[in-house]
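Examining the three-dimensional arrangement
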Amino acid sequence: MKYLYIGSGILIMLLALCILVGCVLSSRTEAAAEVLQQALDASLTDDFQTAANRAKEAAGQWHGSLRLYSSFLCHDETDEVTIEFAELMLCSGQQGQEEFQLHCASLLARLHHIAQMDLPLYHNILMKRA
């Protein structure tokens, strides 16, 4: 009976750790997505300087947490987001605001996906993985 309690305790601790890591990843990703949304909103109102500054801030938040992301997420996904942030930074220095808005929207979709994909939600648990 003692082994059952020990095993159950270990299982509960691991489950709590997994949920905690998912919540931390989600909150950091949502914070970067919120700043990126502000950049997109500023770009849509033709405030290009604010849009560029917010995009740079969002990229800084992403890069500040990159080691954490790389520890728990698939490297392909983190590499793609990092590349998209680099492309967004190139667009913010040029006059192509439509391209900037396109990259912002694409990055927002990716960041929202990353924020939701490891949370213990019914659609994450019940979805069949290929």
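For every chain, the first residue of the written sequence is number 1, and numbering continues from 1 onward in sequence order. Local features in a predicted model are, by the rule used here, given only for residues with pLDDT of at least 70; side-chain atom pairs are given and counted only at 80 or more, and totals for whole chains, interfaces and linings are based on all residues. Computation of side-chain values covers all heavy atoms of the structure but excludes hydrogens and water.

**So, unusual backbone geometry**
The phi dihedral of D46 falls on the positive side, at around 65 degrees, and the residue is not glycine. Helix numbering and strand numbering both begin at the N terminus, where a helix is a DSSP run of H or I of at least 4 residues and a strand a DSSP run of E of at least 2. If you trace the backbone, D46 turns up in the loop between α1 (2-44) and α2 (48-64).

**A short note on the packing of α2 against helix α4 (residues 75-92)**
Remark: α2 packs on α4, axes separated minimally by 10 Å, with the N-to-C direction vectors making an angle of 155 degrees. Judged by the inter-axis angle, α2 sits roughly antiparallel to α4. Between α2 and α4 lies a crossing whose hand is left-handed. Counted together, A52, A55, K56, A58, A59, W62 and H63 of α2 and T78, V81, T82, F85, L88, M89 and S92 of α4 form the full contact between these two elements. Think of each axis as a best-fit line through the C-alpha atoms, taken over the contacting stretch in the case of a helix, with angles from 0 to 180 degrees between the N-to-C directions. Orientation is classified from the angle alone, with under 35 degrees giving roughly parallel, over 145 giving roughly antiparallel, 65 to 115 giving roughly perpendicular, and any other angle giving oblique. Left-handed describes a crossing whose near helix is turned anticlockwise from the far helix by less than a right angle; the clockwise case is right-handed. Residue contacts are defined here by distance: any two heavy atoms, one from each residue, within 4.5 Å place the two residues in contact.

**Details of the pattern of salt bridges**
Any Lys or Arg side-chain nitrogen found within 4 Å of a carboxyl oxygen on Asp or Glu counts as a salt bridge. Taken as a whole and judged by the stated rule, the model has three salt bridges. Between R54 and E57 there is a salt bridge, with its nearest N and O atoms 3.1 Å apart. Here the residue R54 and the residue E57 both occupy positions in helix α2, the gap between them amounting to three residues, near one helical turn.

**Re the packing of α2 against helix α5 (residues 97-117)**
It is at 12 Å that the axes of α2 and α5 come closest, and there the two elements cross at 30 degrees. The handedness of the crossing between α2 and α5 comes out as left-handed. Of the residues in α5, those in contact with F48, A51, A52, A55 and W62 of α2 are Q97, F100, L111 and I114. Polar here means any residue other than Ala, Val, Leu, Ile, Met, Phe, Trp, Tyr, Cys and Pro, which are nonpolar, and Asp, Glu, Lys and Arg, which are charged; Gly is therefore polar. Partitioning the contact of α2 with α5 into residue classes produces eight nonpolar, one polar and no charged.

**Regarding empty space enclosed by the protein**
Lining residues are those with an atom within 4 Å of a point, where the points come from a 1 Å grid over the protein atoms alone and group into cavities, where a 1.4 Å probe fits but cannot get out, or pockets, open sets with protein on both sides within 12 Å along at least five of seven lines. Grid points are joined across faces, edges and corners, and a volume is the space filled by probe spheres set on the points. Counted according to the given criterion, the structure contains one cavity of 30 Å³ or more. Each pocket or cavity is described by its volume, and for the largest cavity that value is around 30 Å³. In terms of lining residues, the largest cavity is bounded by G22, L25, S26, L73, I114, A115 and D118. Residue contributions to the lining of the largest cavity peak at three residues, all from α1. A breakdown of the residues in the lining of the largest cavity according to their chemical character gives four nonpolar, two polar and one charged.

**Quick notes on the packing of aromatic side chains**
For Phe, Tyr and Trp, where Trp contributes only its six-membered ring, two rings pair if their centres lie within 6.5 Å, and the inter-plane angle classes them as stacked under 30 degrees, edge-to-face over 60, or tilted in between. Tallied over the full model, the rule gives two aromatic pairs. Centre to centre, the rings of W62 and Y69 are 4.3 Å apart; their planes meet at 20 degrees, and the pair counts as stacked. Of the two residues, W62 and Y69, both sit in the buried class. Among the aromatic residues, ring-to-ring pairing joins W62, Y69 and F85 into one connected group. Three exposure classes are used, based on accessible area relative to the maximum for each residue type with a 1.4 Å probe and protein chains only: buried under 20%, partly exposed in between, and exposed over 50%.

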